[in-house]
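Coordinate analysis (summary)
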Amino acid sequence: MNFENTATAAALMDEQDPLKKFRDRFFIPQQQGEDCIYLTGNSLGLQPKTTSGYVMQELDDWATLGVEGHSRAKNPWMPYHELFPRQLSKIVGCLENEVVVMNQLTVNLHLLMVSFYRPTDERYKIICEAKAFPSDQYALESQVRYHGLDPDKAIIEVMPREGEHTIRKEDILRTIAVEGESVALVMMGGVNYYTGQLFDMQAITEAAHSVGAYAGFDLAHAAGNVELQLHDWQVDFACWCSYKYLNSGPGGVAGVYIHEKHAADTQLPRFAGWWGYTKETRFKMEKGFEAIPTAEGWQLSNAPVLSMAAHKASLDIFDEAGMEAIHAKRKRMTAYLHFVLNEINRQSREKWIEIITPALEAERGCQVSMLMLHKGREIFDALTAKGVIADWREPNVIRVAPVPLYNRYADIWKLGEIIKGICQ
Ligand SMILES: *Cc1c(COP(=O)(O)O)cnc(C)c1O
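Residues numbered from 1 in each chain as written. Predicted model: local features only at pLDDT ≥ 70, side-chain atom pairs only at ≥ 80, totals over all residues. Heavy atoms only, no water.

**Observations regarding the packing of aromatic side chains**
Within the structure shown, the criterion is met by 14 aromatic pairs. Ring plane angle 80° and centroid distance 5.1 Å describe the contact between Phe 133 and Tyr 193, whose orientation is recorded as edge-to-face. In this pair, Phe 133 is assigned in the loop between strand E5 (125-129) and helix H6 (134-146) and Tyr 193 in the loop between strand E7 (183-189) and helix H9 (201-210), connecting sequence segments 60 residues apart. Residue Tyr 193 is classed as buried on the basis of its relative accessible area, which comes to 14%. Here the aromatic residues Phe 3, Tyr 336, Phe 339 and Tyr 409 are joined through ring pairs into a cluster of three or more. Sitting over the ring of Phe 133, Lys 244 keeps its end group 4.9 Å from the ring centre. Over the face of the ring belonging to Trp 298 we find Arg 270, whose NZ or CZ atom lies 3.8 Å from the ring centre. (Phe/Tyr/Trp six-rings, centres within 6.5 Å; stacked < 30°, edge-to-face > 60°. Helix = DSSP H or I, 4+ residues; strand = E, 2+ residues; numbered from the N terminus. Buried < 20%, exposed > 50% of the residue type's maximum accessible area, 1.4 Å probe, protein only. Lys NZ or Arg CZ within 6 Å of the ring centre and 35° of its normal.)

Next up, the structure:
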């Protein structure tokens, strides 16, 4: 893609953007009466203007109907979670019976590991990426300890090579092959939260299966961001949160995918609750758990409707925009961001920014992580003062993520101008 580094060129790209009308569907945070340049949709997506209406609907139904809302609300609460599989299956690439909305991300990771990490004396290792998101590290470590094993022996982290920031695919595949039949589970992020590296989930799943292990992914930074084909890739399970790229509000209800071949297996061990019980006979309230033969069979509790209403408001926007258009804009925007940052380096005597996110489109999503080689904190503070909301990670990394539904090319151009102002 060819770009021109001027405000006019950025404005023209915005003018021609097929998704431009969607920005107005969101509340954009303000600073001194002006729209901020919001580049942290990878951390907390913005609020759709429709969200409060969706939530109010449920509050009103609760006010007027009380318990009757379970069956008589406009969107009856009892099957409320059934509103999601059709839309989410398009976002993560799976069958509708492979996906369920429930709980929150780390809770779901634990629940899935109950089913998919059942170590034996011979097969007990978990392969994961080094520097995974801390919550995932704690989940893996505590699962291993729960089974009476030593995390130092059971958890194998694949690291970047000396002097590199991202992990080479060949190193992941080689580690899986070398550890072979001792591997119980390969569990990685789909997109690493720090570097923004997108992993080849299909190849990793294939490698895991070739040694007889399960493959699971934490898609917190992938769902709603990159193209996913979980079913076709034969991924065993995955989980994600809804408040990052999926714009469903702080701490919002999360999502789970379980491949059909496992989801239909009602005998697969799990921690059960009444909402995972066969619907026809759930209210007979009898002894002896009988799982729903879909991903819904992992549900524990009845639907958290208020949080789900916010999720629904957002997914309706994804539906309207269409994933194809979202991915097309994401690729163009991120390429433009790389271009703008590379221009800053090119135009100054010394290099200011090392982009640690892979340059190849197939290896990244929206996010770009910049390792600041000089004056990192100063640049970050200047960005903040000028209304740019970005994310700072010690020691010297600024993460930004232009999001197709509400960011503009002009946002990226302005980001570049502010950084340039300090470098020169
Ligand atoms: C954001 C994120 C989390 C957060 O977990 P919660 O249970 O939603 O608090 C966990 N893992 C990864 C990889 C994340 O990016």
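**Brief notes about the sheet that holds E5**
In spatial order, the strands read E4-E10-E9-E8-E7-E5-E6; together these 7 strands make up an open sheet with mixed pairing. Edge positions in the open sheet fall to strand E4 (99-101) and strand E6 (155-158), since each of these has one partner strand only. When strand polarity is set aside, the average angle formed by the axes of neighbouring strands in this sheet is 15°. Pairing analysis gives 3 bridges linking strand E8 (residues 214-218) to strand E9 (residues 237-240), with the strands arranged parallel. Opposite Asp 218, over in E9, you have Cys 239 as the bridge partner. Against the sheet, helix H4 (residues 85-92) contacts E4 and E9, and its axis sits at roughly 120° relative to E4. (Pairing = 2+ DSSP bridges. Axes fitted to C-alpha atoms, helices over the stretch in contact; angles between N-to-C directions. Contact = heavy atoms within 4.5 Å.)

**As for the sheet that holds strand E12 (residues 368-372)**
Overall, antiparallel pairing links the 4 strands, which are arranged E11-E12-E15-E14 in an open sheet. Every interior strand has two partners, whereas the edge strands, strand E11 (353-355) and strand E14 (391-393), have only one. In this sheet, adjacent strand axes meet at a mean angle of 30° when their direction is disregarded. Taken together, the 3 bridges between E14 and strand E15 (residues 397-400) define a ladder with antiparallel strand orientation. Bridge assignment links Asp 391 to a residue of E15, and that residue is Arg 399. Across the face of the sheet, helix H12 (residues 323-347) comes into contact with E11, E12 and E15 while running at roughly 150° to E11.

**With respect to the nonpolar core**
Core analysis: the largest hydrophobic core is formed by 68 residues, its most contacted members being Leu 219, Trp 240 and Leu 405. The dominant element in this core, judged by the number of residues it contributes, is helix H11 (residues 305-321), at 8 residues. Per-domain counts for this core show at least three residues from each of domain 1 (7-35 + 323-423) and domain 2 (55-320). For Leu 219, the contacting residues outside a window of four places in its chain are Gly 190, Met 201, Leu 228, Leu 230, Ala 238, Cys 239 and Trp 240. Met 13, Ile 37, Val 340 and Ile 344 belong to the second-largest nonpolar core, a separate cluster that totals 35 residues. (Core = buried A, V, L, I, M, F, W, Y, C linked by side-chain atoms within 4.5 Å. Domains from an automatic or database assignment.)

**Quick notes on the site of the ligand**
Neighbouring the ligand are Leu 105, Thr 106, Phe 133, Asp 136, Asp 218, Ala 220, His 221, Tyr 243 and Lys 244. In the model, an oxygen atom of the ligand is placed 2.6 Å from a nitrogen or oxygen of the Thr 106 side chain. Here Lys 244 contributes a side-chain N or O atom positioned 2.5 Å from an oxygen atom of the ligand. Within the complex, the protein chains bury 82% of what would otherwise be the 390 Å² of accessible surface of the ligand. Per-class residue counts for the shell around the ligand are 4 nonpolar, 2 polar and 3 charged. (Near = heavy atom within 4 Å. Polar contact = N/O pair within 3.5 Å; in protein donor to acceptor, adjacent residues only side chain to side chain. Areas by Shrake-Rupley, 256 points an atom, 1.4 Å probe, with all protein chains shown as cover. Nonpolar A, V, L, I, M, F, W, Y, C, P; charged D, E, K, R; others polar.)

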